[in-house]
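# Descriptive structure summary
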Amino acid sequence: MFRPPASKTTVTVVRNRESEFHMMESPRILIVEDSAVVRTLLSQRLEKQGMQVTQAENGREGLAAALSNTFDLIISDVDMPVMDGFTLCREIKRNPATRRLPVIILSSHDTEGDIDRGFQVGASAYVSKSSAPKELGSTIKRVLESYQVHRSHLVMVVDDSLTVRGMVRKSLEKAGFRVVTAGNGKEALERIATSRPDLILSDIDMPVMNGIEFCKVVQNIPDYKDIPFVVMSANGDRSIMRRMLSQGVASFLVKPFNLEQLVITVEKLLSHHVLLMLKDKQRLEGEQRLFLAGITSLITALEARDQYTRGHSESVADLVCKMAHHMGMDETDIESLSTAARLHDIGKIGIPDSILLKPGRLTDEEFSIIKSHPTVGTRILQVIPSMRELLPVILHHHERFDGRGYPDGLRGKKIPLWARMTAVADTYDALTSDRPYRKGMPRDRALNIISEVRGSQLCPDSVDVFLEIIAGNGAEHAVTAMRRTVEA
Ligand SMILES: [Fe+2]
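Residues numbered from 1 in each chain as written. Predicted model: local features only at pLDDT ≥ 70, side-chain atom pairs only at ≥ 80, totals over all residues.

## Some remarks on the packing of helix H12 (residues 331-342) against helix H17 (residues 417-432)
Their axes nearest at 11 Å, the elements H12 and H17 cross at an angle of 50 degrees. Here H12 lies oblique to H17, going by the angle between them. The handedness of the crossing between H12 and H17 is right-handed. Together, Leu337, Ala340 and Ala341 of H12 and Trp418, Thr422 and Ala425 of H17 make up the contact between the two elements. Considering only residue class, the contact of H12 with H17 consists of five nonpolar, one polar and no charged. (Axes fitted to C-alpha atoms, helices over the stretch in contact; angles between N-to-C directions. Helix = DSSP H or I, 4+ residues; strand = E, 2+ residues; numbered from the N terminus. Parallel < 35°, antiparallel > 145°, perpendicular 65-115°, else oblique. Left-handed = near helix turned anticlockwise from the far one by under 90°. Contact = placed C-beta atoms within 7 Å. Nonpolar A, V, L, I, M, F, W, Y, C, P; charged D, E, K, R; others polar.)

## Things to note about the packing of helix H11 (residues 312-327) against H12
At a closest axis distance of 8 Å, the pairing of H11 and H12 adopts a crossing angle of 155 degrees. By the angle between their axes, H11 is roughly antiparallel relative to H12. Two packed elements cross with a definite hand, and for H11 against H12 that hand is right-handed. Where H11 approaches H12, its residues Ser313, Glu314, Val316, Ala317, Val320, Cys321, Ala324 and His325 are matched on the opposing element by Ile334, Leu337, Ser338, Ala341 and Arg342. Across the contact of H11 with H12, the residue classes break down as eight nonpolar, three polar and two charged.

## Notes on the environment of methionine 167
Here methionine 167 lies in helix H6 (residues 162-174). The sequence separation of methionine 167 and leucine 259 amounts to 92 residues, and the corresponding C-alpha distance is 8.2 Å.

## Section: the nonpolar core
Of all hydrophobic cores here, the largest spans 41 residues; its most connected members are Val320, Ile394 and Val424. Contributions of two or more residues to this core are made by helix H10 (259-304), H11, H12, helix H16 (391-396), H17, helix H18 (443-452) and helix H19 (460-471). Ranked by residue count, the leading element in this core is H17, at eight residues. Leave out the neighbours within four places in its chain, and valine 320 touches Leu337, Ser338, Ala341, Met421, Thr422 and Ala425. In terms of nonpolar packing, the next biggest core, distinct from the first, is built from 34 residues, Ile31, Val32, Ala66 and Ile75 among them. (Core = buried A, V, L, I, M, F, W, Y, C linked by C-beta atoms within 7 Å. Buried ≥ 20, exposed ≤ 12 C-beta atoms within 10 Å, placed from the backbone.)

## Focus: the environment of histidine 373
Summarising the element assignment, histidine 373 is placed in helix H15 (residues 373-381). Between the C-alpha atom of histidine 373 and that of isoleucine 351, which follows or precedes it by 22 residues, the distance is 7.6 Å. Apart from residues no more than four positions distant in its own chain, histidine 373 is found in contact with Asp345, Gly347, Lys348 and Ile351.

## Here we look at unusual backbone geometry
Backbone torsion omega between tyrosine 406 and proline 407 reads 10 degrees, so that peptide bond is classified as cis. The phi dihedral of valine 82 is positive, around 70 degrees, even though this residue is not glycine. Along the polypeptide, valine 82 turns up in the loop between strand S4 (73-76) and helix H3 (85-94). In the Ramachandran plot, valine 208 falls in the positive-phi region, its phi being about 65 degrees despite a non-glycine side chain. Summarising the element assignment, valine 208 is placed in the loop between strand S9 (199-202) and helix H8 (211-220). Among the residues examined, valine 208 registers 12 C-beta atoms within 10 Å and is labelled exposed.

## Examining the pairing of S9
Burial along S9 is two-sided: the residues Leu199 and Leu201 and Ile200 and Ser202 are all buried. Both strand S7 (residues 154-158) and S9 contribute to a ladder of four bridges, which runs parallel. Among the inter-strand pairings, valine 158 is bridged to a residue of S9, identified as serine 202. Across three bridges, S9 lies against strand S10 (residues 229-234) in parallel orientation. The residue of S10 that forms the bridge with leucine 201 is valine 230. Following the chain from S9 across H8 to the adjacent parallel S10, one finds a crossover that is right-handed. (Pairing = 2+ DSSP bridges. Right-handed = clockwise from strand over helix to strand, strands pointing away.)

## Describing the pairing of strand S3 (residues 52-56)
Two elements, strand S2 (residues 28-32) and S3, share five bridges in a ladder whose sense is parallel. Along S3, the bridge assignment pairs isoleucine 31 with glutamine 55. In this fold, S2 hands off to helix H1 (residues 36-48), which returns the chain to S3; that crossover is right-handed.

## With respect to the sheet that holds S10
For sheets, the rule is that strands pair by backbone hydrogen bonds, running either parallel or antiparallel. Pairing is parallel across the open sheet formed by five strands, whose spatial order is S8-S7-S9-S10-S11. Bordering the open sheet on either side are strand S8 (178-182) and strand S11 (251-255), each of which pairs with just one other strand. This sheet shows a mean twist of 20 degrees between the axes of neighbouring strands, independent of strand direction. Packed on one face of the sheet, H8 meets S7, S9 and S10 and runs near 160 degrees to S9.

## Regarding the confidence of the model for the protein
Chain-level statistics for the protein give a pLDDT mean of 81 and a share of 84% at 70 or above. The low-confidence segment residues 1-23, where pLDDT is below 50, has 57 contacts with residues more than four positions distant or belonging to other chains. Per-residue pLDDT stays below 50 along residues 473-479; that stretch engages in 13 contacts with residues further than four places along the chain or on separate chains. (pLDDT = per-residue confidence, 0-100.)

## Here's the deal with H1
Compared with the 18 Å implied by 1.5 Å per residue over 13 residues, the 18 Å span of H1 between its first and last C-alpha is a close match. Among the residues making up H1, those that are buried are Val38, Leu42 and Leu46. Seen along its axis, H1 keeps its buried residues to an arc of 55 degrees; they face one direction. When the buried face of H1 is taken as reference, the exposed residues oriented beyond 90 degrees from it are Ala36, Val37, Gln44, Glu47 and Lys48. (Expected span 1.5 Å × (residues − 1). Arc of directions from axis to C-beta.)

## So, helix H7 (residues 185-194)
Residues of H7 that are buried include every one of Gly185, Ala188 and Ile192, and no others. Around the axis of H7, the buried residues are gathered within 55 degrees of arc, so they sit on the same side. Seen from the open side of H7, the exposed residues pointing more than 90 degrees away from its buried face are Glu190, Ala193 and Thr194.

Pasting the structure below:
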């Protein structure tokens, strides 16, 4: 395993944290590092993860390799003979042929000044060597994903001059963008319908439909109005361009423009656009957190009505999370499952105290009211789009594996996996907690009962995973089977 020399603090700084995209299949990585040991260990580690690695011993060698080969990422040390990592990064960013190549600085220096310097010379991330074993993998993934986002951008070039279209297309493609072209506004509108661009570069003076009309149409179509629109036109059109700018055009380029300047403008606008989308995403996440805080208060209020179920939702969520970790579920799913488990009984909020807290036996009518809580809970949460994937847990946590549960009498694996897992944790916590009419039973007795209802009331695989984490009874086969279910 890769173990770089330790330093006193651990620092990992990453920019561009877009992570909605899958990593490219077999990324080509250039490692620039003067220590043969670190270079080799790092290469082996990355190759094991399916990356193609090329090694260079110093900045100059790295620069030569970057200019003569195609890479997806450079990981560079700082202190190296001949050419250091900062100089290498600066040179990479200076050269039009390589400047879109992301660079991760991997250094044992991790003061604020070092990190700042790394970003000043254009690095995408700065990882300290001491935190590399833990952080480098995820940093590589994030940087590559961000790079992939850049490459996935489609730019539409609209100009009636074939020469201009050709030149602009060539420069943008060289910088890694995908390009679609059109000879006038009308043609561009037809193309937009099939290939929605992330940015439009348009001339003003064109036949059939000019740039001004084209821009107006685009801005009046709700689906297209957020596409950054850049006007490119001759010197004489400056006043028109200024007016268009005040009407929502993102930027303008005066012909004859430098193609470098054009690429930089496009890159800037797109990264700004991505940032805005990211901010929007963060805002939504913030709203969801607030919403969850509200729901958690409701759960607390629900449980406050009944001293016997206080903390039940938290305990169920905790147990389910342990099962999920054990099964190798990914962190995002575990987080969602945990929220679902915390909210599984939210529908009980609508059940009167006289029934919910009744110490004696429930009448059939009372029991049917209790049985409505999965449906009521689903109804409460279904209006929130981000809660949709949690609804099957809320709705089906009282289904039985033999089909005799409620509300839908689902049987076996027709019951969603997360709901089957929650049912096991729910049953265990209910058995071991005190109730108005009985004391909570000891752990071993509860585990015996769980084993007895394995395959009838509860999902056998989920029970085995549960028993393994609680009792450590070694039901390895079940965990393997469940992992397969998760992977599938
Ligand atoms: Fe329940």
